[in-house]
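What follows is the residue order along each chain.
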Amino acid sequence: LDTVTAALERMASSPSRRPPVIYFDGLGDNIGGWQDTREGREVISVVLAWSLYVTKERSLCHVIFGVQHSFITRVLNRFRMLHSNAKMFDLVDLSLPAARTLLRARLQHRQPDRH
């Protein structure tokens, strides 16, 4: 995550930069019960703390997690820091153009003004 953060910081210095979007897919898949182990909970905690850091504290990017509802419920119960810092919404099966339109509409107001 340090390497990604450093790359995002370099990108932030570009005058015409638009915040990139980082998408995590499958983090919520509890294959083999990995999330229920001490190490699994630690990995999730580190990734979520990093996500808050690069989005809320530094405004370097947007982070999206493609997960199931059961994961969201478990995460919100374990990690209270997300209650006021996360927005959740459902996506149904959409065509690529429709998905882009929806994401742009949801993320547009969250881009910091760059003057």
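Numbers given for residues are sequential positions, taken from 1 along each chain in its written order. Local features are withheld for residues below a pLDDT of 70 in this predicted model, meaning they are given only at 70 or higher, and side-chain atom pairs are given and counted only at 80 or more; totals for whole chains, interfaces and linings count all residues. Hydrogens and water molecules were not included; the side-chain quantities draw on all heavy atoms of the structure.

## Quick notes on the overall build of the protein
Okay, step 1: The helix count covers DSSP runs of H or I at least four residues long, the strand count covers runs of E at least two residues long, and both are numbered beginning at the N terminus. Helix and strand counts for the protein stand at four helices and two strands.
Okay, step 2: Across the protein, helices and strands are ordered from the amino to the carboxyl terminus as α-β-α-β-α-α.
Okay, step 3: Here the term buried applies to any residue with accessible area under 20% of the maximum for its type, exposed to any over 50%, and partly exposed to those in between, with areas from a 1.4 Å probe on protein chains only. Relative to its full complement of 115 residues, the protein shows a buried share of 23%.
Okay, step 4: A sequence separation of at least 24 residues applies to 68% of the contacts in the protein between residues at least 6 apart.
Okay, step 5: Entry remark: accessible area of the protein is about 8100 Å², with carbon and sulfur atoms responsible for 53%. Contacts: residue pairs with any heavy atoms within 4.5 Å of one another. In these tables, accessible area is a Shrake-Rupley quantity obtained with a 1.4 Å probe, and a residue counts as shielded only by the protein chains included in the view.

## Digging into the confidence of the model for the protein
Okay, step 1: A residue's pLDDT is the confidence the predictor assigns to it, expressed on a 0 to 100 scale. The predicted model of the protein averages 81 in pLDDT, with 80% of residues at 70 or higher.
Okay, step 2: Across the protein, the secondary-structure element scoring lowest on mean pLDDT is helix α3 (residues 69-78), at 73, and the one scoring highest is helix α1 (residues 2-12), at 92.

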